[in-house]
Amino acid sequence: MSKRRHLPDSSRRNFLKGAGLVGAAAAVTPPVAANAIPAAPQEKLKAAVPGARQIAAETMAPSNDPVNQTTSGGDFMVDVLNSLGVEYMAINCASSYRGLHEAVINHGNNKPEIITCVHEDIAVHVAQGYAKIEGKPMAMACHGVVGLQHATMAMYNAWCDRVPVLVMGGNIMEADKRAPGAEWVHAGVDIGQIVREFTKWDDQPASLQHFAESAVRAYKIATTPPMGPVFLALDAELQENPIRDAEGLRIPKFAPVVPPQGDSGAIAAAAKMLVEAQNPLILCDRVARTPTGMANLVELAETLQCGVIDNAGRMNFPSRHPLNQSFRRGLIGQADVILAIEMNDLWGTVSHFSDRIVRRSRPATKPGAKIVTLGVRDLYLKSNYQDFGRWQDVDLDIAGDGETSLAPLTEAVKRLIDEGRKAAYDARGKKLAAAHLAMVEQSKTDATIGWDASPITTARMCAEVYNQIKDEDWSVVGTSIRLSWPHRLWDFKRPYQWNGGSGGAGIGYNLPASLGAALANKKHSRFTVAFGGDGDFMFNPGALWTAAHHKIPMLYIVHNNRAYHQEYMYLVAMAARHGRGVDKMDIGTTIKDPNIDYATVARGMGVYGEGPIVDPKDLGPALSRAIAVVKSGETAVVDVVADPR
Ligand SMILES: Cc1ncc(C[n+]2csc(CCOP(=O)(O)OP(=O)(O)O)c2C)c(N)n1
Ligand SMILES: [Mg+2]
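Residues numbered from 1 in each chain as written. Chains lettered and ligands numbered in written order. Predicted model: local features only at pLDDT ≥ 70, side-chain atom pairs only at ≥ 80, totals over all residues. Heavy atoms only, no water.

Chemist: Even after reading the chapter, I still don't get the side chain of His559, so can you show me in this structure?
Modeler: The topology assignment puts His559 in strand 16 (residues 554-560). Engagement of the side chain of His559 in a polar contact is seen with the backbone oxygen of Asp643, the distance being 2.7 Å. Leave out the neighbours within four places in its chain, and His559 touches Thr458, Met461, Ser480, Gly532, Gly533, Asp534, Val640, Ala642, Asp643 and Pro644. (Helix = DSSP H or I, 4+ residues; strand = E, 2+ residues; numbered from the N terminus. Polar contact = N/O pair within 3.5 Å; in protein donor to acceptor, adjacent residues only side chain to side chain. Contact = heavy atoms within 4.5 Å.)

Chemist: Teacher, can you tell me more about unusual backbone geometry here?
Modeler: The residue after Lys111, namely Pro112, is reached through a cis peptide bond having omega -5 degrees. Within the secondary structure, Pro112 sits in the loop between helix 6 (98-106) and strand 2 (113-116). The amide bond that connects Gly611 to the next residue, Pro612, takes the cis arrangement and shows omega of 5 degrees. Position of Pro612 relative to the elements: it lies in strand 17 (residues 608-613). A positive phi angle, close to 55 degrees, is found at Asn109, a residue other than glycine. A positive phi angle is found at Ala505, which is not glycine, with a value near 50 degrees. By secondary structure assignment, the location of Ala505 is in the loop between helix 18 (485-489) and helix 19 (510-522).

Chemist: Where do I start with the sheet that holds strand 8 (residues 307-310) in this structure?
Modeler: By definition, the strands of a sheet pair up through backbone hydrogen bonds, in either a parallel or an antiparallel sense. Across the sheet, 5 strands lie side by side as 8-7-9-12-13; this open sheet has parallel pairing. Edge positions in the sheet fall to strand 8 and strand 13 (396-399), since each has one partner strand and no second. Direction aside, neighbouring strands of the sheet carry axes that sit 15 degrees apart on average. Inspection of the sheet shows strand 12 (residues 370-375) paired to strand 13 by 4 bridges, in the parallel sense. Its bridge partner lying in strand 13, Gly375 is registered against Ala399. (Pairing = 2+ DSSP bridges. Axes fitted to C-alpha atoms, helices over the stretch in contact; angles between N-to-C directions.)

Chemist: Help me understand the pattern of salt bridges, please; the structure alone is not making it clear to me.
Modeler: Pairing is possible between side chains of opposite charge, provided their charged atoms come close. As enumerated under the stated definition, the model contains 26 salt bridges in all. Between Arg98 and Glu240 there is a salt bridge, and its shortest N-O distance comes to 2.8 Å. Of the two residues, Arg98 is situated in helix 6 and Glu240 in helix 11 (residues 236-240); the sequence distance between them amounts to 142 residues. Looking at Arg98, the relative accessible area reads 43%, which means it is partly exposed. Bridged by salt links that share partners, the residues Glu87, Glu134, Lys136 and Lys523 form one connected network. (Salt bridge = Lys/Arg side-chain N within 4 Å of Asp/Glu carboxyl O. Buried < 20%, exposed > 50% of the residue type's maximum accessible area, 1.4 Å probe, protein only.)

Chemist: So what exactly am I meant to see when it comes to the packing of helix 7 (residues 120-134) against helix 8 (residues 146-160) here?
Modeler: Helix-helix packing is described using two parameters, namely the angle between the two axes and the distance between the axes. Packing of helix 7 against helix 8 brings their axes to within 7 Å, and their N-to-C directions diverge by 30 degrees. For the element pair helix 7 / helix 8, the angle class is roughly parallel. Seen from above, helix 7 lies across helix 8 with right-handed handedness. The residues of helix 8 that touch helix 7, namely those facing Glu120, Asp121, Val124, His125 and Gln128, are Gly147, His150, Ala151, Met153, Ala154, Met155, Asn157 and Ala158. (Parallel < 35°, antiparallel > 145°, perpendicular 65-115°, else oblique. Left-handed = near helix turned anticlockwise from the far one by under 90°.)

Chemist: Which parts of the structure should I look at to understand the packing of aromatic side chains?
Modeler: Scanning the entire structure with this criterion turns up 15 aromatic pairs. Ring geometry for Phe198 versus Tyr385: centroids 5.6 Å apart, planes at 65 degrees, classification edge-to-face. Taken together, the residues span a long stretch of sequence, with Phe198 in the loop between helix 9 (182-185) and strand 5 (201-203) and Tyr385 in the loop between strand 12 and strand 13 at a distance of 187 residues. Look at Tyr385 and you get partly exposed, because its relative accessible area is 32%. With centroids separated by 6.1 Å and ring planes inclined at 65 degrees, the aromatic side chains of Trp490 and Phe531 adopt a geometry described as edge-to-face. Here Trp490, found in the loop between helix 18 and helix 19, pairs with Phe531, found in strand 15 (residues 527-533); they are 41 residues apart in sequence, far enough to count as distant. You'll find Trp490 and Phe531 in the same group, each marked buried. Site record: aromatic cluster; members linked through ring pairs are Tyr466, Trp474, Trp490, Phe492 and Phe531. (Phe/Tyr/Trp six-rings, centres within 6.5 Å; stacked < 30°, edge-to-face > 60°.)

Chemist: I would appreciate a short explanation of the site of ligand 1 in the present structure.
Modeler: If you check the shell around ligand 1, you find 17 residues, and the closest are Asp534, Gly535, Ala563, His565 and Gln566. Between Asp534 and ligand 1, the recorded distance is 2.6 Å, taken from a side-chain N or O atom to an oxygen atom. Those elements that provide at least two residues to the shell around ligand 1 are helix 20 (534-539) and helix 22 (565-577). The element that contributes the greatest number of residues to the shell around ligand 1 is helix 20, accounting for 4 residues. Across the shell around ligand 1, the residue classes break down as 7 nonpolar, 6 polar and 4 charged. (Near = heavy atom within 4 Å. Nonpolar A, V, L, I, M, F, W, Y, C, P; charged D, E, K, R; others polar.)

Chemist: Would you take a moment to explain helix 24 (residues 616-631) for this structure?
Modeler: Because an α-helix packs 3.6 residues into every turn, residues spaced three or four apart end up facing the same way. Taking 1.5 Å of rise per residue, the 16 residues of helix 24 would be expected to cover 22 Å, and the 23 Å separating its terminal C-alpha atoms lies within 8% of that figure. Every buried residue belonging to helix 24 is among Pro616, Leu619, Gly620, Ala622, Leu623, Ala626, Ile627, Val629 and Val630, and all of these are buried. Looking at the buried side of helix 24, the elements it contacts are helix 17 (458-469), strand 15, strand 16, strand 17 and strand 18 (635-641). Backbone nitrogen of Lys617 and a side-chain oxygen of the N-cap are separated by 2.9 Å at the start of helix 24; the cap is Asp615. (Expected span 1.5 Å × (residues − 1).)

Chemist: Please explain helix 10 (residues 208-223) as it appears in this structure.
Modeler: Compared with the 22 Å implied by 1.5 Å per residue over 16 residues, the 22 Å span of helix 10 between its first and last C-alpha is a close match. Along helix 10, the residues classified as buried are Leu208, Gln209, Phe211, Ala212, Ser214, Ala215, Val216, Ala218, Tyr219, Ile221 and Ala222. In the core, the buried residues of helix 10 are packed alongside helix 5 (73-83), strand 4 (166-171), strand 5, strand 6 (230-235) and helix 11.

Chemist: Explain the packing of helix 5 against helix 6 to me, please; I cannot follow it from the model alone.
Modeler: Put simply, helix 5 and helix 6 touch, their axes get as near as 8 Å, and they point 65 degrees apart. For the element pair helix 5 and helix 6, the recorded crossing hand is right-handed. Residue-level contacts link Gly74, Asp75, Met77 and Val78 of helix 5 to Gly99, Leu100, Ala103 and Val104 of helix 6. Split into classes, the residues belonging to the contact of helix 5 with helix 6 amount to 5 nonpolar, 2 polar and 1 charged.

Chemist: It is not clear to me how the nonpolar core should be interpreted in this structure. Could you clarify?
Modeler: Soluble globular proteins tend to bury their nonpolar side chains together. Residues Leu283, Leu409, Trp490 and Leu555 are the most contacted members of the largest nonpolar core, which totals 82 residues. Top element by residues in this core is helix 24. It accounts for 7 residues. If we ignore the near neighbours within four places in the chain, the residues touching Leu283 are Ile309, Ile332, Ile338, Leu339, Ala340, Ile341, Met343, Leu346, Thr349 and Val350. Listed in part, the 54 residues of the second largest apolar core include Ala90, Leu148, Ala151 and Val558. (Core = buried A, V, L, I, M, F, W, Y, C linked by side-chain atoms within 4.5 Å.)

Chemist: It is not clear to me how the coordination of the magnesium ion (ligand 2) should be interpreted in this structure. Could you clarify?
Modeler: The protein atoms donating to the magnesium ion (ligand 2) are Asp534 (OD), Asn561 (OD1) and Ala563 (O), with metal-donor distances spanning 2.0 to 2.1 Å. Counting the intervening residues between successive donors of the magnesium ion (ligand 2) yields the motif D-x26-N-x1-A. Residue Asp534 is located in helix 20, and its partner Asn561 is located in the loop between strand 16 and helix 22; the two are separated by 27 residues in the primary sequence. (Donors = N, O, S within 2.8 Å, 3.2 Å for Na, K, Ca; no water.)

Below you can see the structure in the form of structure tokens.
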């Protein structure tokens, strides 16, 4: 008996009418017996919009296919996902997980809530941005093989960014169950293979109990530092067939892993080095996993009265804290003891590197400086992709979750600080506070350069935005490449006001990941703002449709320099190095002729659009209008024709 369900006669008639195909279908439909098996079922699967032959096949098939099951494996899968508190499932729909999809809608009553995305790269990036604000993963489902191929780069970004995402891809494991055509080219023996080098764990469950245990295991592995995306291949038959042994099924209990704390002896040794140092310095990148992280880091820095250089992989340290020295990198060369916490690229941070004539480097640290590292960065690595960065000599390497290890480290430091040191610490702190103020004042002065220029300076672009949102409960969840003005000028002090970058520097992150972060911010009524390059925008403009469809409020500023400016600059450097002209470097590096009208693109997706804003005087009013739209609960795009950097 055919497994396909068929539209009742009346629905089929309405469908044919709606598709404007009544005549065409009628014209090509051969007369067939009521129970004839369609000759070419693969045609049905190939067609995006049903063609005449497909409709013929539909109309030929038997209509007495009974509803023969009251449960599906997908129902149980939904129960498992809900037991884990998964709020959303970002998807691009596909038949290989139609069982799960239908179960989410009907059995789960759209819980986890489906976030419809027009590309798998968008869906995973949405999940990446969401996880960094909400502090927990969301699910992503895609068509095994082809959908997963589209999802790969976003999964790589999430991997490099150490962000948990629960990715699932449909597959049909049993060859004798696959329909001819698409189900064969979309099936694999081991579909997780293409993402295995940048997922923390993956599995292909062979039973529903196996699914339950693997889903809970996957969630646990993804959320244990160092975090990362995980992948489950979901067999279509497992999703679609009835639950056979309901009594025998059990949803495993999820207990989050308590992250490992640095060894107490090593923590004591690090505390001693820091307390005795003349110029201790803290470097950090992805420390804050929860709101506690920033508070704990502030306490350590204040206890030591030492500077903090934040690479801003997360919202680690308040931007206006007197000990924030992030834009005084020269301090690295003055430090005698450096504590590097959850650094993504330690060597890159403590070295000067240039590739402008030949590739060369030298240490930025002073001779004899001691380096202590604390983090989980190196506890889980893979071989192929080289995201671990260059080897860096260190003096004490403490394995332990940075955030969790901060409190005992601060306690150990406090125990060692005697009255005798207090005056020197205070003096050190005062000096750093003065330098911090000078650093901020310098940024303000720098920001005025070219204030009235057109193209608009990026400093003015950021200042105008801040001017209008600073009294909101704002959260900046994306900046275009090299755009440091928000961190130089704005008062970041809440744990959700920043969530770091892409991780893998894979372009196309900014727009969809900002949207995911905005989705997380929505329920907290925060005002989400993001900046993104024009080049980045064009990788995934379809994310805006998701913003409109799901009514996700976000102010999105397109930093429009009509170029892949970073690459343009590389070509200029290449030509200069080779002693050749730089007048043709816009070939292949610019996005003009024709210029893209991003506001019109936005409007085409159902999103409010302003711009292109060329005259700086027009920016303030355009932002006011856009902000009013965002406050009404929608996304607004403002295209700002701005300076390259
Ligand atoms: C997926 C991907 N493709 C290409 C690149 C190379 N790349 C690095 S920066 C960049 C330019 C991005 O343009 P835009 O977002 O407008 O930023 P701009 O450099 O203009 O400020 C490109 C293409 C990349 N990093 N990732
Ligand atoms: Mg650009």
